[in-house]
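Each chain, letter by letter, is given below.
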Amino acid sequence: MVECPVCGAEIEVGELELHQIIECPVCGAELEVVDLDPIVLEEVPEVEEDWGE
Amino acid sequence: MVECPVCGAEIEVGELELHQIIECPVCGAELEVVDLDPIVLEEVPEVEEDWGE
Amino acid sequence: MIKAAVVGASGYIGGELVRLLAMHPEVEITAITSRRYAGKKVHKVHPNLRGLNLRFTNDYNFDADVIFLAVPHGESMKIIDEFLGSAKIIDLSADFRVSLDLYKRYYGEHVKPELIDEFVYGLPEIHREEIKKAELIANPGCNATAVILALYPFKGDVSEAIVDLKVSSSAGGRRENVASIHPERSHVVRVYKAFHHRHEAEVIQETNVKAQFTVHSVDLVRGLLATIYFKMETSEKDLYKMFFRYLKEPFIRIVKEKGGIQRLPDPKYVIGSNFVDIGFAYDEENQRVILFSALDNLIKGGAGQAVQNMNIAFGLDETLGLSYLPVYPI
Amino acid sequence: MIKAAVVGASGYIGGELVRLLAMHPEVEITAITSRRYAGKKVHKVHPNLRGLNLRFTNDYNFDADVIFLAVPHGESMKIIDEFLGSAKIIDLSADFRVSLDLYKRYYGEHVKPELIDEFVYGLPEIHREEIKKAELIANPGCNATAVILALYPFKGDVSEAIVDLKVSSSAGGRRENVASIHPERSHVVRVYKAFHHRHEAEVIQETNVKAQFTVHSVDLVRGLLATIYFKMETSEKDLYKMFFRYLKEPFIRIVKEKGGIQRLPDPKYVIGSNFVDIGFAYDEENQRVILFSALDNLIKGGAGQAVQNMNIAFGLDETLGLSYLPVYPI
Amino acid sequence: MIKAAVVGASGYIGGELVRLLAMHPEVEITAITSRRYAGKKVHKVHPNLRGLNLRFTNDYNFDADVIFLAVPHGESMKIIDEFLGSAKIIDLSADFRVSLDLYKRYYGEHVKPELIDEFVYGLPEIHREEIKKAELIANPGCNATAVILALYPFKGDVSEAIVDLKVSSSAGGRRENVASIHPERSHVVRVYKAFHHRHEAEVIQETNVKAQFTVHSVDLVRGLLATIYFKMETSEKDLYKMFFRYLKEPFIRIVKEKGGIQRLPDPKYVIGSNFVDIGFAYDEENQRVILFSALDNLIKGGAGQAVQNMNIAFGLDETLGLSYLPVYPI
Amino acid sequence: MIKAAVVGASGYIGGELVRLLAMHPEVEITAITSRRYAGKKVHKVHPNLRGLNLRFTNDYNFDADVIFLAVPHGESMKIIDEFLGSAKIIDLSADFRVSLDLYKRYYGEHVKPELIDEFVYGLPEIHREEIKKAELIANPGCNATAVILALYPFKGDVSEAIVDLKVSSSAGGRRENVASIHPERSHVVRVYKAFHHRHEAEVIQETNVKAQFTVHSVDLVRGLLATIYFKMETSEKDLYKMFFRYLKEPFIRIVKEKGGIQRLPDPKYVIGSNFVDIGFAYDEENQRVILFSALDNLIKGGAGQAVQNMNIAFGLDETLGLSYLPVYPI
Ligand SMILES: NC(=O)c1ccc[n+]([C@@H]2O[C@H](COP(=O)([O-])OP(=O)(O)OC[C@H]3O[C@@H](n4cnc5c(N)ncnc54)[C@H](OP(=O)(O)O)[C@@H]3O)[C@@H](O)[C@H]2O)c1
Ligand SMILES: NC(=O)c1ccc[n+]([C@@H]2O[C@H](COP(=O)([O-])OP(=O)(O)OC[C@H]3O[C@@H](n4cnc5c(N)ncnc54)[C@H](OP(=O)(O)O)[C@@H]3O)[C@@H](O)[C@H]2O)c1
Ligand SMILES: NC(=O)c1ccc[n+]([C@@H]2O[C@H](COP(=O)([O-])OP(=O)(O)OC[C@H]3O[C@@H](n4cnc5c(N)ncnc54)[C@H](OP(=O)(O)O)[C@@H]3O)[C@@H](O)[C@H]2O)c1
Ligand SMILES: NC(=O)c1ccc[n+]([C@@H]2O[C@H](COP(=O)([O-])OP(=O)(O)OC[C@H]3O[C@@H](n4cnc5c(N)ncnc54)[C@H](OP(=O)(O)O)[C@@H]3O)[C@@H](O)[C@H]2O)c1
Ligand SMILES: [Zn+2]
Ligand SMILES: [Zn+2]
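On a predicted model such as this, the values are computed, not experimentally measured, just so you know.

Quick look at the coordination of the zinc ion (ligand 5)
Residues and elements named next belong to chain A. Donor atoms from the polypeptide that coordinate the zinc ion (ligand 5) comprise C4 (SG), C7 (SG), C24 (SG) and C27 (SG), at 2.3 to 2.4 Å from the metal. Its four donor atoms give the zinc ion (ligand 5) angles of 107 to 112° at the centre, a pattern that matches the tetrahedral case. Of note, the donors binding the zinc ion (ligand 5) are all from one chain and are spaced C-x2-C-x16-C-x2-C. Here C7, found in the loop between β1 (2-3) and β2 (10-11), pairs with C24, found in the loop between β3 (21-23) and β4 (30-36); they are 17 residues apart in sequence, far enough to count as distant. Residue class for C24 comes out buried when judged on its relative accessible area of 1%.

Right, dumping it as structure tokens:
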């Protein structure tokens, strides 16, 4: 069980590899495994598209 | 069996009274019984609404 | 300054007349009438006109050199006696546009048949000389203007045509009607009239073409497009030549591009202006000519053309107060 | 099969009820009423429903297990005696939604005050247990549903909020009115109500938040968006947690994307469905929470929620006949 | 359960297929493909589908009983080898709809000419029996479906017709293009194709009528109306009879009312459904028949018809997962 | 005659500048630039301008008294050196509107910081005197113009406000983008920016109000409405007085009616004009002031205001070439 850094949900995770991308089942955020011991997740940055208005 | 004067379909009708209004099951027209022997049906006039364009 | 009065100023054509006349350099508005809104400021009905110091009246005792009748068809002929003789009259209704014969065929009984012949049909591109001297002008219908101007070069060569029209909601006037409320009237392609539309009468009269109109209401507030179909052995080049006659017309633009996305007329390109845009295509395989004609129904199809007629009838430059470029995108 | 009757079936909510009930696997429609269209086929008013063999009646002597009242507010309380006791009643008007006190403050006099307390407020996400046993259900308003569901997690923590609403034309019903005709109602952002909108009453009652509604009519036929503002010291993460309570709700979707063009709720994404989409943002600099709540006013804001209430009150699966995915693009 | 895959699922037809298949009681979606969005959740492109647990892939190694190809025309024939033999294929592009001859005349070179004859033209109302046994189905074009179904009863009696089409923006697909951005594409009646539109080919093949299409883009997101004109000596009554053949068709409705405001087909009345509404008028004076045919281009004009074909080809009830009543008003 | 050049004339602001300048009695257009369309006639991009004899160029070697820069923000500062000194410059981008500090907070790095202080902020109602003498004018943003003019009377009295904006698609420019295509951008109430919108910077600078903008894209091509909320102890009467200062302003109208359907500002009433309409309401119960401010983003929000600035800077009557009444209904 790890806490999602975006929404705070407790996520069940299996075996993880460093730099693996997982998705939070609650908020849908894409999370990168940046450390394994203990497990640290970080949100993958995504750009807000700007269509200019 | 009477012919619908609007769409020409053969309509099954039961007992009819003079001036009764029936509806053609095929084209949906409202039909008035204007004669009984033999049965003569006539379409009930309806106005086309005009919203002016 | 020409003194102008607008009868039926609370409607859409009336409102557009007030807008154009208020910006016209040679016009002073002396009266705007409405029965429902008498006493109210003009912006209570036409919120765009806030700032104009005008109030509706229902008193017809006004001082005017020109009177625009912007009332529904059938109403003009009932009230025209009030105004006859006092000023030039430009009637925007259908009451005096066509011969008694055609009127009866398309509208029914006429209560002022004796007046019909005294009216000039106010399509400047065809009747300019008569308009110059006219006291009574019958302003053409919006659909009719678009179709006649497109078909006129073919007068004599073509005897029948199919006219598929796409029209906007303002053509129906500012009237309550459940068919016109926004949830019902938005996002439609509604067959308003499958055939025998009244404006056919004007086309027959002016071009001798038996045009069959099929009119569709589309989701526009302003503007219309007429797509016109007829058989003819010709070529694109010859079609170009047919329209040369319009080269000097200030309010007709021929629209025919080879490339790009905007090759042919679209009402979107004339909104807010007095232009009618006309284009054409020739389907050689089927020997069919296809004409496209677009205008703003409230301007070239109504109030703008009425002002154009006024300019001509009063000896002013025909384009005065009308040289607005269309607003785009809109 | 549940026998259902729709009173006021010629209106927009009535039409949507007929549509949903006709597709519902456990319902048989036994009567649809209209005074104006009595005797006419349903498709004369609702052209989408062509093919259904239903005719309007004005005879209230029908056989039903559940009766939906889809008449204007103020009318339900006048006619309800006709139906009391004969069936479960789901009233879609505002007549029995709020306490007498709030009713007087926002609407005025009530002619059936003694009945108010017998009604359950039909917002399933909050009152599911009471609805299960209810005989009389007051279906929430469309704006109120959107706002209450967004604010409910903050009940107790927030005392006031600004609610800026953007609503569609079908919310006004199928009624003639010059303000609603297409030329006037298209392309607007019209201030329909600057403050003290009646749906505030339901929000106060259900969330204890003094919400100030400012309602704008926009160019949509269906759907609405509520944008809700209030001050609060919190964080995005904590806001997520507030909404965890909705994770199991079949008709609530939390919409909050980091990237892409569709990051937050938009009525466009729920049309044709019973979903309410809720999203949020936190402006840390101003310590302001911004909530967004979108729904289809005729479904989750009206007829769909009424069917959801019926399902619950009759012990059916709550989602029966309501699991339609939104239609997109539209 | 039928296992279904959608290739080109990020487009509008693809999205609609996913929506319909996800609600279909006998289907399980096993793959949805996109090159641009591989790895993303389906709701990143189709926000209505939030809640479906589906992700785009670009791996064609999936397990399916039926594969829908929803890629642009010209692309299907390039990728079809990947899928041949593994499943029934329903191709929504134009690649296999018409004979090689017609293809060359309207499209150009074909890279898989040998496959054309193996495809059945998937218009159930005409080719139901062949579809039952088909492995390869070419789903008709949206305009073609509307026109063929209206003209089919006249096959043999009519040799040419004018077809004036009014089409929505979703027909152009989910593609960037300056001509399609909102400021340019709103409020248009734009001549998209003056004549020789590609869908004429299908009409010629299926009805032997040399139809001349003139296609106008109008301000709709979904839906189309075809107005069809031809000369014929007949009567209203005889026209009714022509359409008796469709009385038992589950997805064809004949729309022809005498009164009211909604007398003839309008795309507004079929949105969200698999219906095609057909109506007619007879202009006796001009001996001209006018047909009107309306449908939702993404459903009966595309994804819905494809599902109908799937139902037939797999021996299911033809209407399964397709009996949605149109959403109205919208 | 003033010689005017428009750089970036193929965009929406550029096109509107050409339209207004072509009708301006004291202006001659000497150059219109575009890189993409160099050599093409102006009507290939702006179909409304058919008839103007103008061609795009990409040669900056033109003769002009005033140069309008209508290029995207970030681009003006890159190309401005080409033009400095040769003519008065009116920049419509955001590059020189705010102090370097604010610029960094809202936009990022600036490549011409030394020029910022030489620019006058071109909001005539506030900076008329400085504009008279200005060589370099930074034309305000469209949202900023609406909000600043509404809030300016409260400068000093109000420290923070919520600004809920409803904006049209032309505000996004004439650029391809899948988010902007018609099927995606129609019928939306899309949250474009939940908070921290860039135009906040101008509001802070000009009014000292910490405004929090939440910007929604709505289904309009032109126009915007800002709804502004803040707490204040006041009264309707006092609010009227706050706006007395604008009584003589030619382009500000105070819109506040008791009855009727059009009581408060709506972008629909200003389209095609240089007006900004401002209205207000006071919710006594909540002690909240609500301001409404509407304008045409391409005119008072862009090109019209730029022409107004030109008029002032060249000593002309401020309203010259700008006195167009709005087009309505539209
Ligand atoms: N809309 C178009 O696109 C268009 C284009 C070309 C020509 N036309 C023609 O222009 C005329 C006006 O059309 P519209 O669209 O502006 O209609 P509208 O919006 O319905 O306006 C009609 C006006 O006439 C007034 N009116 C009605 N009956 C009257 C009567 N008996 N006496 C005096 N005033 C009366 C009404 O004012 P009160 O009720 O307030 O007195 C209203 O101001 C019609 O004849 C129409 O055919 C319209
Ligand atoms: N529209 C929405 O988005 C929405 C959402 C949630 C709740 N609601 C509520 O739902 C109710 C209906 O709204 P609507 O938008 O459908 O209104 P509507 O379109 O105006 O329909 C009203 C219906 O009520 C009938 N009716 C009116 N007075 C009646 C009376 N005294 N006795 C019997 N029938 C009567 C009318 O039928 P005839 O005149 O033909 O008899 C019509 O069918 C309202 O209370 C409304 O507040 C509406
Ligand atoms: N729109 C209509 O109303 C309609 C109606 C009937 C039939 N159709 C036909 O249906 C087909 C799809 O139309 P649409 O409107 O949905 O178009 P669209 O929105 O442009 O979608 C096209 C889809 O095809 C995919 N694609 C393009 N090239 C591909 C390739 N070489 N290999 C694999 N995938 C490819 C695209 O996905 P990625 O780029 O993400 O891979 C996208 O998902 C067309 O053939 C059209 O003629 C359309
Ligand atoms: N749209 C509005 O409502 C609005 C309102 C107020 C202010 N503004 C501001 O006005 C400016 C223009 O906006 P818009 O909406 O008109 O944008 P647009 O439609 O995208 O037009 C941008 C124009 O700039 C040209 N351009 C782009 N990069 C250039 C460069 N590096 N050098 C020379 N020309 C370049 C483009 O022409 P080519 O690519 O053809 O050369 C095009 O003509 C922007 O700064 C915007 O913020 C816009
Ligand atoms: Zn999470
Ligand atoms: Zn019949």
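Let's talk about the UniProt feature "binding site: NADP(+)" (unreviewed entry) in chain C
Residue and element names in this part refer to chain C. Summarizing the sequence annotation, UniProt attributes the feature "binding site: NADP(+)" (unreviewed entry) to S10, G11, Y12, I13, S34, R35, R36 and N297 in the numbering used throughout. A maximum C-alpha distance of 24.3 Å is found for the annotated residues, which run over 288 residues; spatially they are spread out rather than grouped. The residue G11 is located in the loop between β1 (2-7) and α1 (12-23) in this model. Setting aside its immediate chain neighbours within four residues, G11 contacts H46 and R174. Aside from chain neighbours lying at most four places away, what touches I13 is A70, L92, N297, L298, G302 and A303.

Considering the coordination of the zinc ion (ligand 6)
All names here are of chain B. Looking at the zinc ion (ligand 6), one finds its protein donor set to be C4 (SG), C7 (SG), C24 (SG) and C27 (SG), positioned 2.3 to 2.4 Å from the metal centre. Donor residues binding the zinc ion (ligand 6) come from one chain and are separated in sequence as C-x2-C-x16-C-x2-C. Here C7, found in the loop between β1 (2-3) and β2 (10-11), pairs with C27, found in the loop between β3 (21-23) and β4 (30-36); they are 20 residues apart in sequence, far enough to count as distant. Taking relative accessible area as the criterion, C27 reaches 13% and is therefore assigned buried.

Digging into the packing of aromatic side chains
Residues and elements named next belong to chain C. On inspection of all chains with the given rule, the structure shows 54 aromatic pairs over all chains. Plain terms: the ring middles of Y269 and Y328 are 5.8 Å apart, the flat faces sit at 70° to each other, and that makes the pair edge-to-face. In this pair, Y269 sits in the loop between β12 (252-254) and β13 (276-283) while Y328 sits in the segment after α10 (299-313), placing the two residues 59 residues apart along the sequence. Taking relative accessible area as the criterion, Y328 reaches 4% and is therefore assigned buried.

Topic: the domain arrangement of chain C
Residues and elements named next belong to chain C. Each domain of chain C was delimited in the assignment, giving domain 1 (2-139 + 302-313) and domain 2 (142-295). For domain 1 and domain 2, the distance between their C-alpha centroids amounts to 24 Å. Residue-level contacts link 26 residues of domain 1 with 27 residues of domain 2. Across the domain 1 to domain 2 interface the summed buried area is about 2400 Å²; carbon plus sulfur atoms make up 51%. Summed over the shared surface of domain 1 and domain 2, the result is three salt bridges. Linking R222 and E16 is a salt bridge whose minimum nitrogen-to-oxygen distance equals 2.8 Å.

Describing the site of ligand 4
Residues and elements named next belong to chain F. Contacts to ligand 4 come from 26 residues, most closely from S10, S34, R35, V71 and R175. Within the contact set of ligand 4, an oxygen atom lies 2.7 Å away from a backbone nitrogen or oxygen of R174. Considering ligand 4 on its own, with 890 Å² of exposed area, one finds that the protein chains cover 91% of that surface. Tallied by class, the residues present in the shell around ligand 4 amount to 10 nonpolar, 10 polar and six charged. In terms of domain composition, the shell around ligand 4 takes at least three residues from each of domain 1 (2-139 + 302-313) and domain 2 (142-295).

What to know about the relation of the copies chain E and chain C
The transform that puts chain E on chain C rotates by 180° and translates by 0.0 Å along the axis, for an RMSD of 0.0 Å. Such a combination of rotation and displacement between the chain copies is what one expects of a two-fold axis. Closest approach to the rotation axis within chain E is made by the C-alpha atom of D219 of chain E, at a distance of 3.2 Å. Most of the interface of chain E is mirrored in chain C: 100% of its interface residues are interface residues there too.

Describing the site of ligand 1
Residues and elements named next belong to chain C. As a structural note, the neighbourhood of ligand 1 is formed by 27 residues, with S10, S34, R35, V71 and R175 the closest of them. At 2.9 Å, a side-chain N or O of R36 approaches an oxygen atom of ligand 1. Interatomic distance of 3.3 Å between a backbone N/O atom of H73 and an oxygen atom of ligand 1. Relative to its unbound accessible area of 890 Å², ligand 1 is 92% covered by the protein chains. The two domains that each donate at least three residues to the shell around ligand 1 are domain 1 (2-139 + 302-313) and domain 2 (142-295).

Points about the arrangement of the chains
Chain A shows no contact with chain C. Their nearest C-alpha atoms sit 15 Å apart. There is a gap between chain B and chain F: no contact, and a shortest C-alpha distance of 15 Å.

A few points about the interface of chain E and chain C
Each partner contributes to the interface: chain E provides 50 residues, whereas chain C provides 50 residues. Summed over both sides, the interface between chain E and chain C buries roughly 4200 Å², with carbon and sulfur atoms accounting for 55% of that surface. Ranking the residues of chain E by area buried against chain C places H187, V189 and I261 of chain E at the top, with a combined share of 14%. Viewed at the interface, chain C and chain E are joined by 10 salt bridges. Two residues, K166 of chain C and D164 of chain E, come together in a salt bridge whose shortest N-O distance is 3.0 Å. Remark: the boundary between chain E and chain C carries 26 residue pairs in polar contact (both at pLDDT 80 or more). Where the side of chain E that touches chain C is concerned, the elements lending two or more residues are β8 (160-167), α7 (182-185), β9 (189-193), β10 (210-218), β11 (224-231), β13 (276-283) and β14 (288-295) of chain E. Across the side of chain E that touches chain C, the residue classes tally to 26 nonpolar, nine polar and 15 charged.

Re a nonpolar patch on the surface
Residue and element names in this part refer to chain A. On the surface, L18, L36 and I39 cluster together into a nonpolar patch covering about 220 Å² of accessible area. Locating L18 in the fold gives a position in the loop between β2 and β3. Under the relative-accessibility criterion, L18 is labelled partly exposed at 43%.

With respect to unusual backbone geometry
Going from Y328 of chain C to P329 of chain C, the amide bond is cis rather than trans, its omega being -10°. Summarising the element assignment, P329 of chain C is placed in the segment after α10. Backbone geometry places N208 of chain C, a non-glycine residue, at a positive phi of 60°. Non-glycine residue H187 of chain D carries a positive phi angle of around 60°. If you trace the backbone, H187 of chain D turns up in the loop between α7 (182-185) and β9 (189-193).

Concerning the UniProt feature "active site" (unreviewed entry) in chain C
All names here are of chain C. In the numbering adopted here, UniProt assigns the feature "active site" (unreviewed entry) to C142. You can see C142 is positioned in helix α6 (residues 142-151). Its relative accessible area of 14% is what places C142 among the buried residues. Beyond its immediate chain neighbours, meaning those up to four positions away, C142 contacts H199, L224, L295, N297 and G301.

Topic: the pairing of strand β8 (residues 160-167) of chain C
Residue and element names in this part refer to chain C. β8 sits mainly inside the fold: seven of its eight residues count as buried. The sheet contact formed by β8 and strand β11 (residues 224-231) spans six bridges and is antiparallel. Each bridged residue has a counterpart across the sheet, and for V163 the counterpart in β11 is I228.

Section: the sheet that holds strand β3 (residues 56-57) of chain F
All names here are of chain F. Strands sit in the order β3-β2-β1-β4-β5-β7-β6 across an open sheet of seven strands; the sheet is parallel. Only two strands of the sheet have a single neighbouring strand rather than two, namely β3 and β6 (120-121). Looking at chain direction, strand β1 (residues 2-7) and strand β4 (residues 66-69) are connected through four bridges and run parallel. Opposite V6, over in β4, you have F68 as the bridge partner.

A word on the packing of α6 of chain C against helix α8 (residues 200-207) of chain C
Residue and element names in this part refer to chain C. α8 packs onto α6 with a crossing angle of 25° between their chain directions and a minimal axis gap of 9 Å. One finds that α6 runs roughly parallel with respect to α8. The handedness of the crossing between α6 and α8 comes out as right-handed. Residues A144, V147, I148 and L151 of α6 form the contact with α8, whose own contacting residues are E202, V203, E206 and T207.

Focus: the side chain of N311 of chain D
Residue position: N311 of chain D is located in helix α10 (residues 299-313). Ignoring sequence-local partners within four residues, the contact set of N311 of chain D consists of H24, L316, D317, E318, T319, L320 and L322 of chain D.

What counts, and where the lines are drawn
- Residues numbered from 1 in each chain as written.
- Chains lettered and ligands numbered in written order.
- Predicted model: local features only at pLDDT ≥ 70, side-chain atom pairs only at ≥ 80, totals over all residues.
- Heavy atoms only, no water.
- Donors = N, O, S within 2.8 Å, 3.2 Å for Na, K, Ca; no water.
- Tetrahedral: all angles 85-135°; square planar, octahedral: opposite > 155°, others 65-115°.
- Helix = DSSP H or I, 4+ residues; strand = E, 2+ residues; numbered from the N terminus.
- Buried < 20%, exposed > 50% of the residue type's maximum accessible area, 1.4 Å probe, protein only.
- UniProt positions renumbered as here; feature names shortened; annotations may be inferred.
- Contact = heavy atoms within 4.5 Å.
- Phe/Tyr/Trp six-rings, centres within 6.5 Å; stacked < 30°, edge-to-face > 60°.
- Domains from an automatic or database assignment.
- Buried area = accessible area lost by both parts, 1.4 Å probe.
- Salt bridge = Lys/Arg side-chain N within 4 Å of Asp/Glu carboxyl O.
- Near = heavy atom within 4 Å.
- Polar contact = N/O pair within 3.5 Å; in protein donor to acceptor, adjacent residues only side chain to side chain.
- Areas by Shrake-Rupley, 256 points an atom, 1.4 Å probe, with all protein chains shown as cover.
- Nonpolar A, V, L, I, M, F, W, Y, C, P; charged D, E, K, R; others polar.
- Least-squares fit on C-alpha atoms with pLDDT ≥ 70 in both.
- Patch = residues over 30% accessible without salt bridge, like charges linked within 9 Å, V, L, I, M, F, W, Y side chains within 5 Å.
- Pairing = 2+ DSSP bridges.
- Axes fitted to C-alpha atoms, helices over the stretch in contact; angles between N-to-C directions.
- Parallel < 35°, antiparallel > 145°, perpendicular 65-115°, else oblique.
- Left-handed = near helix turned anticlockwise from the far one by under 90°.

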